Amino acid sequence: MYPYVLNAFLRLQSSSFLNLEKLFGYRLETFGEKSMIIDLHVHTDRYSQCSSLSPESAIMNAKSRGLDGICFMEHNAVWDRKETEELSRVHDFLVFRGMEVGTDMGHILVFGMEQYEKQMKSIKSLRSLVKAGHGTMVAAHPFRRPLYPNRGYGDWDLTISPEVGAKREIFSMIDGLEAFNGRSSPIESLVSLKVSKDLGLMNTAGSDAHCPQEVGKSATFFPADIHNEDDFLKALRNCDCYGVHFG
């Protein structure tokens, strides 16, 4: 089972603190000298109409929070590699790209694909395309309201058990779960973490930022150096990363 890199305590809605290591048996890791922290879920106003965050502002805020990189995750759209590589060069900062695809089973974070295609609305078609392209699929905020239509991630409330959540069909067609999302509630994160552990799936984290102050609230820990997009995609394919929440 993958170790999980977490802050030692996660504040709950009751304002109490819960020791996740004691509750779920997660082993807390320390950051090594060569480790990297990257926010995997950032929307910009370049390609996501719902965002008020410019690419430049996203990068500056990520740098100010001490992150090592950022991934622009646009809705049903993906940046050109030359664009993100130029931003990396200009700002001396790692900038990657992905897309948040709306499917008949919820929102999926997709890495390693060059363009959006209409058939991606079907989760089965998306899985086939991503598999053929050697990409990676991660279920975005898998236990968030509002409910997704047409089955989606399914109905739930605060009493859902991870055992029930783990039975959803969507989790048989992805590579990982977004355990921490900067816009999700603590209880959502707890369920996501437990489900990812029980199913042996990778867990990631991202801020889901749409404005400057949201950047870096959650991010993903990579235990080895990442120098470019190829390193980044390889680490994701190898599930060599873990979610972390900063708040």
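The preceding data block contains the structure.
All of these numbers come straight from a predicted model, not from anything done at the bench.

About the thresholds
Residues numbered from 1 in each chain as written. Predicted model: local features only at pLDDT ≥ 70, side-chain atom pairs only at ≥ 80, totals over all residues. Heavy atoms only, no water. Helix = DSSP H or I, 4+ residues; strand = E, 2+ residues; numbered from the N terminus. Buried < 20%, exposed > 50% of the residue type's maximum accessible area, 1.4 Å probe, protein only. Contact = heavy atoms within 4.5 Å. Areas by Shrake-Rupley, 256 points an atom, 1.4 Å probe, with all protein chains shown as cover. Salt bridge = Lys/Arg side-chain N within 4 Å of Asp/Glu carboxyl O. Pairing = 2+ DSSP bridges. Arc of directions from axis to C-beta.

Peer 1: In this structure, what is going on with the overall build of the chain? I would like to understand it.
Peer 2: Along its length, the chain carries seven helices and 11 strands. Looking at the chain as a whole, 54% of its 247 residues are labelled buried. Within the chain, contacts between residues separated by at least 24 positions form 69% of all contacts whose residues are at least 6 apart in sequence. On the chain, roughly 11100 Å² of surface is accessible, and the fraction owed to carbon and sulfur atoms is 50%.

Peer 1: Sorry, what's going on with the pattern of salt bridges here?
Peer 2: Close approach of charged atoms lets side chains of opposite charge pair. Per the stated rule, a full pass over the model turns up 11 salt bridges. Here Asp230 and Arg81 are joined by a salt bridge, their closest N and O atoms 3.4 Å apart. With a gap of 149 residues between them, Asp230 in helix α7 (residues 229-237) and Arg81 in helix α3 (residues 81-91) connect regions that are remote in the sequence. Overall, the relative accessible area of 25% leaves Arg81 in the partly exposed class. The salt bridge partner of Arg89 is Glu86, with a shortest N-O separation of 2.6 Å. Placement of the pair is Arg89 and Glu86 together in helix α3, with a separation of three residues, close to one helical turn. Residues participating in the shared-partner salt-bridge network are Arg81, Glu85, Arg97, Glu114, Glu229 and Asp230.

Peer 1: Help me out: how do you make sense of the pairing of strand β7 (residues 136-139) in this one?
Peer 2: Taken residue by residue, a regular strand's side chains alternate between the two faces of the sheet. Every second residue of β7 is oriented toward a common face, with Thr136 and Val138 on one face and Met137 and Ala139 on the other, all of them buried. Where β7 lies against strand β8 (residues 176-181), two bridges are found, and the strand directions are parallel. In the strand pairing of β8, Ala139 is matched with Leu177.

Peer 1: I tried to follow helix α4 (residues 123-132) on my own but got confused; where do I start?
Peer 2: One turn of the α-helix equals 3.6 residues, which is why residues spaced by three or four share an orientation. All of the buried residues in α4 are Ile123, Leu126 and Val130. For α4, the arc enclosing every buried residue in end-on projection is 55 degrees, short of the 170-degree limit, so these residues lie on one face. In α4, those exposed residues whose orientation departs by more than 90 degrees from the buried face are Lys124, Lys131 and Ala132. Residues of α4 that are buried make contact with β5 (94-103), β6 (106-111) and β7. Looking at the residues trailing α4, positive phi occurs at His134, about 60 degrees.

Peer 1: Is there a simple way to think about unusual backbone geometry in this case?
Peer 2: Of note in the backbone geometry, Asp92 takes a positive phi value of approximately 50 degrees without being a glycine. Mapped onto the fold, Asp92 is located in the loop between α3 and β5. Look at Asp92 and you get exposed, because its relative accessible area is 69%. Despite not being glycine, His141 has its phi angle at roughly 30 degrees, a positive value. Structurally, His141 is set in the loop between β7 and α5 (162-165).

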